[in-house]
Amino acid sequence: MAVFTEVSNEEARKLLRHLNLGELVALRGIEGGIENTNYFLTSDQGEFVLTLFERLTAEQLPFYLHLMKHLAHGGVPVPDPRADANGDILHSMCGKPAAVVSKLRGKSQLAPGPVHCAAVGTMLARMHLAGRGYDRHQPNLRGLPWWNETVPVVLPHLDPGQAALLRSELAYQNHVAASSAYTALPTGPVHADLFRDNVMFDGEELTGFFDFYFAGIDTWLFDLAVCLNDWCIDLPTGTHDAERARRMLNAYQAVRPLTAAERELLPALLRAGALRFWISRLWDFYLPREASMLTPHDPTHFERVLRGRIALPVHAD
């Protein structure tokens, strides 16, 4: 959600008219994030979010946009992409693929309590079940193959202890992925990046999930592990919060109980979730792109989370 591409008021005005969304009232760049250019786009018809895609291609994007449409029509509160007169939901601006989606009500809950974690668990399970009928297929582009490609690129920037941990954990995750238990895990569309800042609340009411541009087909357990690694972690220390995790897991399982394979592999997938974001934050930190308002995340946070997940495994019980 940084601003890599500057959008003028006139360009925004043209896009709003093309989508029959009224006249421009305000255009404001959104801080935070590291992948795409995002603006709040206000017209006399309402509030929207404009995204210009900096890395994803026009061939990859229909998967994400139509997934959001599918979930929205399935009763999951997510941003709904807006179509033009031809029914197209993928547009172009400043030479980049672009989308305009509805703006969700509320704000992110950056200091969640157990009630917020339970709400996320419930909605995540609902989202997984709603995604079963989605007929487009695209892998999680930040999954294991990407980890294998990216680790050699970031290793030269690490001290010997960090490098040893990264190599050993990557080897472990390749071993897990080759196991029969992993093959038995239920799969489907996943968000894969459902951090605190990608969920909206109005008080204690969860009003929506957003930023689906890391979504893909992966194990549902990985999606749940990513959530547990953010929502149920003490951010300053990276330590596990047992009560928040219990509430999230119980709420999730009240909608979709975990299978035996999922219960067995939860500790391994919690490690996988920590590894994925440690690698990506190392990559963004040491190989940054120029952008207005861009502040890379601290990669050492997920190093701490990974070390904690190895030292103190968390089970579904």
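Everything numeric in this text was worked out from a predicted model, so none of it was measured. Along every chain, residues carry numbers that run from 1 in the direction the sequence is written. It should be noted that, the model being predicted, local features are given only for residues of pLDDT at least 70 and side-chain atom pairs only at 80 or more, the latter also being counted only at that level, while totals for whole chains, interfaces and linings use all residues. Excluding hydrogens and water, the side-chain figures rest on all heavy atoms present in the structure.

Topic: the side chain of Glu303
Secondary structure counts use DSSP, requiring at least four H or I residues in a row for a helix and at least two E residues in a row for a strand, with both numbered from the N terminus. Summarising the element assignment, Glu303 is placed in helix α10 (residues 300-311). By definition in these notes, contact holds between two residues if any of their heavy atoms fall within 4.5 Å. The residues touching Glu303, leaving out its near neighbours within four places in the chain, are Gln162, Leu165 and Trp278.

Concerning the sheet that holds strand β4 (residues 91-93)
Following DSSP output, two strands are said to pair if at least two bridges run between them. Read from one edge of the open sheet, five strands run β1-β2-β3-β5-β4, paired in antiparallel fashion. Each of the sheet's edge strands pairs with one partner strand only, and the pair in question is β1 (24-29) and β4. Neighbouring strand axes in the sheet, compared pairwise and without regard to direction, differ in orientation by 35° on average. Bridging between strand β2 (residues 37-43) and strand β3 (residues 46-52) involves seven bridges; their strand directions are antiparallel. From the neighbouring strand, Thr37 faces β3, where its bridge partner is Leu52. Axes here refer to lines fitted to C-alpha atoms; in helices the fit is confined to the stretch in contact. Angles between the N-to-C directions go from 0 to 180 degrees.

Let's talk about helix α7 (residues 220-231)
Its twelve residues place the ends of α7 17 Å apart at the C-alpha level, agreeing with the 16 Å of an ideal helix rising 1.5 Å per residue. The buried label goes to any residue with under 20% of its type's maximum accessible area, the exposed label to any with over 50%, and the partly exposed label to all in between, with areas taken from a 1.4 Å probe on protein chains only. Along α7, twelve of the twelve residues are buried, which leaves the element largely enclosed by surrounding structure. Those residues of α7 lying buried are Trp220, Leu221, Phe222, Asp223, Leu224, Ala225, Val226, Cys227, Leu228, Asn229, Asp230 and Trp231. Between the first and last residue of a helix there are one fewer steps than residues, each counted as 1.5 Å, and that sum is the expected span.

Some words on the pairing of β2
By the criterion of burial, β2 is predominantly enclosed, with five of the seven residues buried. Judged from the five bridges that link them, β1 and β2 form a sheet pairing that is antiparallel. Along β2, the bridge assignment pairs Ala26 with Thr42.

Describing the packing of aromatic side chains
In this scheme Phe, Tyr and Trp rings, the latter by its six-membered ring, pair at centre separations within 6.5 Å, and the angle between planes marks the pair as stacked below 30 degrees, edge-to-face above 60, and tilted otherwise. According to the stated counting rule, one finds eleven aromatic pairs in the structure shown. On the basis of an interplanar angle of 70° and a centroid distance of 5.5 Å, the ring pair of Phe63 and Tyr134 is categorised as edge-to-face. Within this pair, whereas Phe63 is found in helix α2 (residues 61-73), its partner Tyr134 is found in the loop between α3 (114-130) and α4 (144-154), the two being separated by 71 residues in sequence. Exposure remark for Tyr134: the relative accessible area of 8% places this residue in the buried category. Between the aromatic rings of Trp147 and Phe222, the centroid separation amounts to 6.4 Å while the plane-to-plane angle is 45°, which identifies the pairing as tilted. Of the two residues, Trp147 sits in helix α4 while Phe222 sits in helix α7, which places them 75 residues apart along the sequence. Each member of the pair, Trp147 as well as Phe222, is classed as buried. Taken together, the ring pairs connect Phe53, Phe63, Tyr64, Tyr134 and Tyr213 into an aromatic cluster. A ring has a charge above it when a Lys NZ or an Arg CZ is no more than 6 Å from the ring centre and no more than 35 degrees off the ring normal. Between Arg271 and the ring centre of Tyr172, over which it is positioned, the NZ or CZ distance is 3.8 Å.

Re unusual backbone geometry
In the Ramachandran plot, Ala192 falls in the positive-phi region, its phi being about 75° despite a non-glycine side chain. Within the element layout of this structure, Ala192 appears in the loop between β6 (187-190) and β7 (199-202). Despite not being glycine, Asp211 shows a phi value in the positive range, around 60°. In this fold, Asp211 is placed in the loop between β8 (205-209) and β9 (216-219). For Asp211, a relative accessible area of 17% gives the class buried.

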